[in-house]
Amino acid sequence: MFKLRATILKDLRILVRDKVGLAMMFLLPIVLAIVITAIQNSTFELVNDNKVPMLMCNKDPGEAGEQLIKAIQKIGMFEIKQVGKEQTEKQITDRMHAKVALVAILIPPNFTAKLSTQAKIISGEALSRLGLPVDSVAVVSGGLDPITIYYHPVLQESFRQSIQGALRSALQLVENKLILKSIYFSLNEKEIPDTLEREIVNNQIPIREIAISRNGSRNIPNATQHNIPAWTIFAMFFVVISLASSVVREKLNGSFLRLRTLPTNFMMALFSKQLTYLCVTLVQVAIIFSIGAWLFPVIGLPKLNLPADLAGLVIVSVISGWCAVSYAICVGVFAQTQEQANGFGAVSIVLLAAIGGIMVPSFAMPGSFQAIMKLSPLHWCLEAYYGLFLEGGKLKDILMNILPLVGISLLLQGFTFYALKRKNLI
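An account of the accompanying structure is given in this report. (Residues numbered from 1 in each chain as written. Predicted model: local features only at pLDDT ≥ 70, side-chain atom pairs only at ≥ 80, totals over all residues. Heavy atoms only, no water.)

1. Focus on the packing of aromatic side chains
Okay, so step 1: According to the stated counting rule, one finds five aromatic pairs in the structure shown.
Okay, so step 2: Pairing W231 with F234 gives two aromatic rings, centres 5.2 Å apart and planes at 80°, and the pair type is edge-to-face. Taken as a pair, W231 and F234 lie in helix α8 (residues 223–237) at a separation of three residues, close to a single helical turn. When sorted by exposure, W231 lands in the same class as F234, which is buried.
Okay, so step 3: For the ring pair F289 and F389, a centre distance of 5.4 Å and an interplane angle of 75° mean the geometry is edge-to-face. With F289 in helix α11 (residues 266–298) and F389 in helix α15 (residues 377–389), this residue pair connects regions lying 100 residues apart in the sequence. One exposure class covers both F289 and F389, and it is buried. (Phe/Tyr/Trp six-rings, centres within 6.5 Å; stacked < 30°, edge-to-face > 60°. Helix = DSSP H or I, 4+ residues; strand = E, 2+ residues; numbered from the N terminus. Buried < 20%, exposed > 50% of the residue type's maximum accessible area, 1.4 Å probe, protein only.)

Shown next, in the form of structure tokens:
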């Protein structure tokens with residue numbers, strides 16, 4: 001027991017002297033967790049709080065153009081700035097380059113006329129199929145002129161598609177109103193009352209969002225619930241920077257060989273190193289989770305709600321930390337220099353995080369990556385944490401995520417022992 005305590009104290013002294021490794025293990029993941037959570041939280045609340053500036057150029061003299069503007073305003077996603085109809089395309093794009101707006105919409109001059117004609121044709125076809133007499137309508141040549149949308153290049157494709165979907169919804173509303181008016185006039189030979197029009201158009205089925213969970217909770221997870229577990233895992237695996245370098249140093253200075261001549265067991269030294277850094281990973285978990293639970297509400301970010309199964313949380317954290325330590329020692333044993341250990345360790349963790357769902361959600365991965373994703377230990381760590389944090393599960397619900405993680409850890413331990421034997425270090 002005395003020898004184990006002495007070995008652990010030695011490893012702690014080495015760890016404290018490694019300022020770069022400590023920064024990578026604690027400072028970098030904390031900064032990433034705060035910054036990325038803040039960005040994603042801002043994205044989630046974009047519709048309610050941060051409206052997208054939009055330039056609106058309405059060249060249409062009719063009422064359909066105004067109705068379209070009102071329909072877009074009701075979406076609540078945009079801050080509309082109307083410009084004069086005499087504005088040219090160059091003037092609009094120049095204002096967008098000056099970051100006055102990120103989106104601009106140009107409504108063509110004959111928008112109302114052609115849309116009204118289109119509505120009469122559609123309503124006429126509907127009435128004729130019912131066997132009712134319909135007045136012929138002259139078809140305007142060329143069809144409908146398109147609504148032009150200008151995007152600033154900084155907008156990503158997913159966001160552009162969201163904007164286009166919102167615009168299509170507004171256009172559909174305007175067109176449905178015109179079709180409704182045309183059908184009502186054809187049947188009653190008078191304009192539809194405003195109250196009836198509002199009742200028909202606004203009679204929408206309400207939508208209720210429910211996040212499924214194992215414990216019956218109906219709370220929708222926030223950005224913190226997604227990001228804190230993910231970047232905690234990233235922090236744990238970044239012990240490779242310090243631990244792998246420590247293993248390489250002990251290989252180069254002959255520490256492993258000297259252990260063979262001393263009245264001690266090599267496995268004790270290896271166990272003490274793993275125990276020391278496992279404790280470090282658990283400290284990382286405690287610090288980052290504490291920041292999410294207590295600091296985030298102070299700086300205006302959603303609070304981290306810990307899962308109900310705290311025992312399961314501890315077990316998942318211990319197994320994840322052990323897997324991270326096993327990987328770091330394995331890298332250190334195979335690396336020839338500290339530069340190799342640091343370079344390969346850092347790059348490999350970033351790659352494993354990318355394919356494991358830390359940086360890109362697993363459901364967004366292409367089909368070809370689904371099998372590769374399961375090779376990343378970070379994927380199984382994340383699935384286990386998400387089972388507790390997002391799904392409200394218990395330990396028994398995430399066993400199928402923990403077992404592969406234990407298997408990967410044992411495999412890494414086996415590789416480490418084999419490499420030490422092959423290099424005659426033990």
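2. Structural notes on the sheet that holds strand β1 (residues 52–58)
Hydrogen bonds along the backbone pair up the strands of a sheet, which may run parallel or antiparallel.
Okay, so step 1: A sheet is described by the order of its strands in space; here four strands give the open sequence β2-β1-β3-β4, paired in mixed fashion. Edge positions in the open sheet fall to β2 (78–83) and β4 (148–151), since each of these has one partner strand only. Averaged over all neighbouring strand pairs, the angle between strand axes comes to 20°, with direction disregarded.
Okay, so step 2: Here β1 pairs with strand β3 (residues 103–107) via five bridges, running parallel. Bridge pairing in β3 links C57 to L106.
Okay, so step 3: Its contacts with the sheet place helix α3 (residues 63–75) against β1, β2 and β3, and it is angled at close to 175° to β1.
Okay, so step 4: In the packing of helix α4 (residues 89–97) onto the sheet, the strands contacted are β1, β2, β3 and β4, and the crossing angle to β4 comes to about 35°. (Pairing = 2+ DSSP bridges. Axes fitted to C-alpha atoms, helices over the stretch in contact; angles between N-to-C directions. Contact = heavy atoms within 4.5 Å.)

3. Concerning a nonpolar patch on the surface
Okay, so step 1: A cluster of nonpolar side chains, namely L27, V31, V35 and I39, defines an oily patch on the protein surface of about 350 Å² accessible area.
Okay, so step 2: Mapped onto the elements, I39 comes out in helix α2 (residues 19–44).
Okay, so step 3: Owing to a relative accessible area of 52%, I39 belongs among the exposed residues under this scheme. (Patch = residues over 30% accessible without salt bridge, like charges linked within 9 Å, V, L, I, M, F, W, Y side chains within 5 Å. Areas by Shrake-Rupley, 256 points an atom, 1.4 Å probe, with all protein chains shown as cover. Salt bridge = Lys/Arg side-chain N within 4 Å of Asp/Glu carboxyl O.)

4. Considering the nonpolar core
In globular proteins that are soluble, nonpolar side chains generally tend to be buried together.
Okay, so step 1: In this structure, I233, F237, V240, F289, Y327, I358 and Y385 are the most contacted members of the largest nonpolar core, which totals 62 residues.
Okay, so step 2: When contributions to this core are tallied by element, the ones reaching two or more residues are α2, α8, α9 (240–252), α11, α12 (310–334), α13 (338–356), α15 and α16 (399–422).
Okay, so step 3: With twelve residues, α12 is the largest single contributor of residues to this core.
Okay, so step 4: Here F237 is in contact with S320, C323, A324, Y327, I349, P377, L378 and C381, once residues within four sequence places are set aside.
Okay, so step 5: Counting 26 residues, the second-largest nonpolar core is a separate cluster that includes I72, I105, F111 and L155. (Core = buried A, V, L, I, M, F, W, Y, C linked by side-chain atoms within 4.5 Å.)

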